[in-house]
Amino acid sequence: MSEQVVLRMRGVRKAFNGVPVLKGVDFELRAGEVHALLGGNGAGKSTLMKILEGVYTLDEGGIEIDGRPVTLTSPVDARRHGVAMIFQEFSLIPTLTVAQNIFLTRERRSAGLLDDAADVKRARELLADMGVDIDPTRRLGRLSTAGWQLVEIAKALSQDARILIMDEPTASLAQSEVDALFRIIDRLKSQGMTIVYITHRLEEVMRVADRVTVLRDGELVGTRPTSEVDIEALIELIVGRAIERATHQSGRDIDRSGTPLLSVRGFSSGDRVRDVSFDLYRGEVLGLAGLMGSGRSELVRALFGIDRATGGTVAVRGETVVIRRPSDAVRHGMALVPEDRRTQGLVLAHSVRDNLTLTLLRRLTRRGLIDERAAARTADHEVRRLGIKAASLRTPVRRLSGGNQQKVVLSKWLATEPDILFLDEPTVGVDIATKTEIAELIRELAEAGKGVVVISSELAELLAMADRVLILRDGAVERSVDRGDLTDEPELHRLVQEPVA
Amino acid sequence: MTALGSLIPRRPTGAGFDWRQYILYIGFVLVFVVFAITLGDDGFTSSNNLLNIVRQTATISVMAVAVTFVIGAAQIDLSVGAVAGLSSVIAAMAIDATGLVGGVAAALAVGVLVGCINGALVTFVGIPSFLVTLGMLGIAHGTAMWITDSAPQPIVNRTFNDVFGGADAGPIPSLVLWTLAAVVIGHIVLRRTAFGRGVLATGGNEEAARFSGVPTQRITFLVMVISAVAAAIAGMLYAGRLQSGRFQWGEGDELSVIAAVILGGTSLFGGRASVVGALLGSLMIGLINNGLILMGLEYSQQQIVRGVIIILAVALAARD
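Residues numbered from 1 in each chain as written. Chains lettered and ligands numbered in written order. Predicted model: local features only at pLDDT ≥ 70, side-chain atom pairs only at ≥ 80, totals over all residues.

Looking at the overall build of chain A
Stage number 1. Of regular secondary structure, chain A possesses 18 helices and 24 strands.
Stage number 2. Rg of the C-alpha trace for chain A: 25 Å, near the compact-globule value of 23 Å for 501 residues, within the 12% margin.
Stage number 3. Within chain A, counting contacts between residues at least 6 apart in sequence, those at least 24 apart form 68% of the total. (Helix = DSSP H or I, 4+ residues; strand = E, 2+ residues; numbered from the N terminus. Rg over C-alpha atoms; globule rule 2.2 N^0.38 Å. Contact = placed C-beta atoms within 7 Å.)

Some points on the overall build of chain B
Stage number 1. Each helix and strand counted, chain B has 15 helices and 4 strands in total.
Stage number 2. Here the C-alpha atoms of chain B give a radius of gyration of 21 Å, agreeing with the 20 Å that 2.2 N^0.38 yields for 320 residues.
Stage number 3. By principal-axis analysis of the C-alpha atoms, chain B measures approximately 75 × 55 × 35 Å.
Stage number 4. In chain B, which comprises 320 residues, the proportion classed as buried is 51%.
Stage number 5. Contacts spanning at least 24 positions in sequence make up 78% of the contacts within chain B whose residues lie at least 6 apart. (Buried ≥ 20, exposed ≤ 12 C-beta atoms within 10 Å, placed from the backbone.)

Things to note about the confidence of the model for chain A
Stage number 1. Model confidence for chain A is summarised by a mean pLDDT of 86, while 95% of its residues fall at 70 or above.
Stage number 2. For the stretch residues 242–248 of chain A, pLDDT sits under 50, and the model shows 9 contacts to residues farther than four places along the chain or on other chains. (pLDDT = per-residue confidence, 0-100.)

Section: the confidence of the model for chain B
Regions with low pLDDT should not have their predicted coordinates read in detail.
All names here are of chain B.
Stage number 1. On average, residues of chain B score 88 in pLDDT, and 92% of them are at 70 or above.
Stage number 2. Confidence drops under a pLDDT of 50 for residues 1–16, and excluding neighbours within four residues, the segment shows 22 contacts in the predicted structure.
Stage number 3. Reported for the predicted complex are a pTM of 0.77 and an ipTM of 0.80.

Regarding the pairing of strand β4 (residues 60–65) of chain A
All names here are of chain A.
Stage number 1. Judged from the 5 bridges that link them, strand β1 (residues 5–16) and β4 form a sheet pairing that is antiparallel. Residue pairing in the sheet places Leu7 in a bridge with Ile65 of β4.
Stage number 2. In terms of strand pairing, β4 meets strand β5 (residues 68–70) through 3 bridges, oriented antiparallel. Bridge pairing links Ile65 to Arg68 in β5.
Stage number 3. Taken together, β4 and the strand that follows it, β5, pair antiparallel across an intervening segment of 2 residues, in which Asp66 is found at a positive phi of about 50 degrees. (Pairing = 2+ DSSP bridges.)

Quick notes on the sheet that holds strand β10 (residues 194–198) of chain A
Residues and elements named next belong to chain A.
Stage number 1. Strand order across the open sheet formed by 6 strands is β6-β9-β10-β3-β11-β12, with mixed pairing between neighbours. Sheet topology places β6 (83–86) and β12 (219–225) at the edges, where each strand pairs with a single neighbour. On average, adjacent strands in this sheet sit at an angle of 20 degrees to one another, irrespective of strand direction.
Stage number 2. Inspection of the sheet shows strand β9 (residues 163–167) paired to β10 by 5 bridges, in the parallel sense. Its bridge partner lying in β10, Leu164 is registered against Ile195.
Stage number 3. On top of the sheet, helix α5 (residues 145–158) reaches β6 and β9; it is set at about 175 degrees to β6, its chief contact. (Axes fitted to C-alpha atoms, helices over the stretch in contact; angles between N-to-C directions.)

Points about the sheet that holds strand β15 (residues 285–290) of chain A
Hydrogen bonding along the main chain pairs the strands of a sheet, whether they run parallel or antiparallel.
All names here are of chain A.
Stage number 1. Across the sheet, which stays open at both edges, the 6 strands sit in the order β18-β21-β22-β15-β23-β24 with mixed pairing between neighbours. Two strands close off the open sheet at either side, each with one partner strand: β18 (334–337) and β24 (476–482). Strand-to-strand twist across the sheet, computed as the mean angle between neighbouring axes with direction ignored, equals 20 degrees.
Stage number 2. Bridge count for strand β21 (residues 420–424) against strand β22 (residues 451–455) is 5 bridges, and the pairing is parallel. Of the residues in β22, the one forming a bridge with Leu421 is Val452.

Concerning the pairing of strand β13 (residues 262–269) of chain A
Residues and elements named next belong to chain A.
Stage number 1. Bridging between β13 and strand β14 (residues 273–280) involves 5 bridges; their strand directions are antiparallel. Note that in β14 the partner of Leu262 across the bridge is Leu280.
Stage number 2. Where β13 folds back onto β14 in an antiparallel hairpin, the turn is made up of 3 residues, including Gly270, whose phi is positive at roughly 55 degrees.
Stage number 3. Pairing analysis gives 5 bridges linking β13 to strand β16 (residues 311–316), with the strands arranged antiparallel. When the bridges of β16 are listed, Arg265 appears paired with Thr313.

Overview of unusual backbone geometry
Stage number 1. At Arg317 of chain A, a position not held by glycine, the phi torsion is positive, near 50 degrees.
Stage number 2. You can see Arg317 of chain A is positioned in the loop between β16 and β17 (319–321).

What to know about the domain arrangement of chain A
Residues and elements named next belong to chain A.
Stage number 1. According to the domain assignment, chain A contains domain 1 (5–244), domain 2 (259–333 + 419–501) and domain 3 (351–417).
Stage number 2. Relative to domain 2, the C-alpha centre of domain 1 lies at a distance of 32 Å.
Stage number 3. Each partner contributes residues to the interface: domain 1 has 14 residues there, and domain 2 has 12 residues.
Stage number 4. Elements represented by at least two residues in the side of domain 1 that touches domain 2 include exactly α7 (202–208) and α8 (231–239).
Stage number 5. For the side of domain 1 that touches domain 2, the element with the highest residue contribution is α8, accounting for 4 residues.
Stage number 6. When its residues are assigned to classes, the side of domain 1 that touches domain 2 shows 6 nonpolar, 4 polar and 4 charged. (Domains from an automatic or database assignment. Nonpolar A, V, L, I, M, F, W, Y, C, P; charged D, E, K, R; others polar.)

Quick word on the nonpolar core
Stage number 1. Within the largest apolar cluster, 164 residues are counted, with the highest numbers of intra-cluster contacts made by Leu164 of chain A together with Met63 of chain B.
Stage number 2. The element contributing the most residues to this core is helix α12 (residues 216–242) of chain B, with 16 residues.
Stage number 3. Excluding residues within four positions of it along the chain, Met63 of chain B makes contact with Val80, Ala230, Ala231, Ala234, Asp253 and Val257 of chain B.
Stage number 4. Ranked by size, the runner-up nonpolar core spans 72 residues in total, among them Ala302, Val352, Val452 and Val453 of chain A. (Core = buried A, V, L, I, M, F, W, Y, C linked by C-beta atoms within 7 Å.)

A few points about the interface of chain B and chain A
Often, the extent of an interface is quoted as the loss of accessible area upon association of its parts.
Stage number 1. Contact residues are listed per partner, giving 27 residues for chain B and 30 residues for chain A.
Stage number 2. Where the side of chain B that touches chain A is concerned, the elements lending two or more residues are α1 (2–5), α9 (174–192), α10 (194–204) and α11 (206–211) of chain B.
Stage number 3. The element best represented in the side of chain B that touches chain A is α10 of chain B, accounting for 5 residues.
Stage number 4. Looking at side-chain class alone, the side of chain B that touches chain A contains 14 nonpolar, 8 polar and 5 charged residues.

Regarding the environment of Pro215 of chain B
Stage number 1. Along the polypeptide, Pro215 of chain B turns up in the loop between α11 and α12.
Stage number 2. C-beta crowding within 10 Å serves as the criterion here: with 16 such atoms nearby, Pro215 of chain B is assigned to the partly exposed category.

Topic: the packing of α9 of chain B against α10 of chain B
Residues and elements named next belong to chain B.
Stage number 1. Closest axis-to-axis distance for the α9/α10 pair is 5 Å, and the angle between their directions is 70 degrees. Accordingly, the angle class assigned to the pair α9 and α10 is roughly perpendicular. Contacts from Val189, Leu190, Arg191 and Arg192 in α9 reach Phe195, Gly196 and Val199 in α10.
Stage number 2. For the contact of α9 with α10, a count of residues per class yields 4 nonpolar, 1 polar and 2 charged. (Parallel < 35°, antiparallel > 145°, perpendicular 65-115°, else oblique.)

Considerations on the packing of helix α4 (residues 58–72) of chain B against helix α14 (residues 275–294) of chain B
Residues and elements named next belong to chain B.
Stage number 1. At their nearest, the axes of α4 and α14 sit 9 Å apart, and the two run at 145 degrees to each other. Relative to α14, the crossing made by α4 is right-handed. On α14, the residues touching Ile60, Ser61, Ala64, Val65 and Thr68 of α4 are Val275, Ala278, Leu279, Gly281, Ser282 and Ile285.
Stage number 2. The class makeup of the residues in the contact of α4 with α14 is 7 nonpolar, 4 polar and no charged. (Left-handed = near helix turned anticlockwise from the far one by under 90°.)

Okay, here's the thing in structure tokens:
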């Protein structure tokens, strides 16, 4: 790493629909460094990088590359300036071969025609330079996620990229693949490449990064050499002091003497969920914490019958059940609110009413026809109950704000009156007011005697809602902690970050 | 380096031959052999009959080559049959009015015009190509009927009828030459030019292609134009072979064309395409039609058998 600054972003401001996301951020990269960019959800990391990558344009501030001011208006533009983003499925075509992907629009030609053989040879050299063993004639769609990533990197290198942005590059990699990626990063660094490394895994930051920059709520908290900080210090920078508000809730007493509502023993699903056991009691909110790729979503998906279970037993109210598909789960009184509400939770073009009643059609059907008046009544009731803000019941759901969409998804499942509720990241992309409402709603549900399993990457939120937190790592439960034994968010952060020795 | 090597799944070894990739070729040979054995005495294998099959499928083959690009780019063109009919009519009327050159130019102009309208609506207005070309099917068909009062337009120009229809260039029928030309040009453009690569990239992942600098809009526009122009040429091949322009020429061809393209291994979802496959698909459909006729099956029965074979072939073909 040299002292030479290759990139400088100054006073960057960006707002969406009048909501400021970046409030004057400075960011600087030196030649040949690995620079970790850290921050909680909504801190502004992705927005900052999307500006650098030409996807968003900044409202205020400036970007200099090699000391010269530049305007980046498209990803193609950014690549011309040597900035490349490594992001799965971002710039690759699954139906083309590895070599064709790497040199797309920059193919070698002979006599005016594309010379695939020459490109295969070039690709082979390039990949060998990276120390990677991938057949350039393979169709990209047949590679693993790790393979895609490496091809993305190769493509960026072939375009003489000098700044690589890697967004959660290890999220879906196995440990051996992570090690391999780190070796490639070291190699690129020694060749003078500058790398921005975005991650939630602080352990990885300590391992690969030379410097770290931390953002919080759209503002720069600070930039430090990695040698001067430890994980503890990073957590403090990321979390700040703002979170103490959320930690008031203390563990309530749950009656754990009777039969658990849901009892899971030795539960596995492929290699993503391994030997998980836990009990969920009436009135309990169980939080699932863990890093990206730790198997949280996979666990609830498998429990709900979306992914196949490959081992273990599940008992509902003491009775062993077999859940092969979501309809089985629904029959046993379960409901799952998925993480990606737009694709998995809602029919966006349909009205609020139709979405709310989709799970109830059987109940609302009279003599083979849907009882429209009963449907309207039910929908109206739900809208009032959750305070969903929509122009009318006939408004298409896509016109609602993120928070209100999430409420529709929630109430759609609540209307089925489930006993066991799985919520995957219920507050992602939701404004703060609605976040609080959703957290309160979850508490109310528990108090009404339901069992709730909540996945959240926002640890403050987990602390505010959960009675108990399971910490997952590599698909297995690493430990189970009672809320009462947790003092604050940094402590939970440490538990999630650091493997048990 | 062993850890790095293990990152990437290797080509499956041992299992060896992936027959699903070659299902079309296998099916083609199979159908041919079955017909050759059962219908050998009915003249199926005579060179005359086989040449006839190629000749009769020339229009479908030419359109299938172009539609390979359309489907490869994840679009569709339902208007090719109707445009061929319109082109045949326009060619006939323009030859009558102005002569050979005017006729050919007018027919090609029809193709360019229709293609630009289709392309502009899909690319710049953002209407799905399925709907645009469904509408265009009606417009082209209706226009062809209207301007001719539904009457056939005879073509007496010998040169036109020879070039686009019945004549032989040496030992090779001109319709076979048209097919060959379309396939050779189509294959090279698809496999060996930046445009062809861009078509596959656009069809494989439009957003990724755009971010990689592929001019996806221009490509989408152009495939629609190419398709309509190929349909116009097919219309002239109909007109030349049947020595007349008529609105019915090409009616329903869009389905045969799409079937040929998909049989040929082009993905209905775009990104993967094969011009040579499309030719084989087209020939296979021609082969089946011909064999079924020689077997003495009625038109209604032919349709059923053809449908079953197409579904079977596509179901068995490799998908990934």
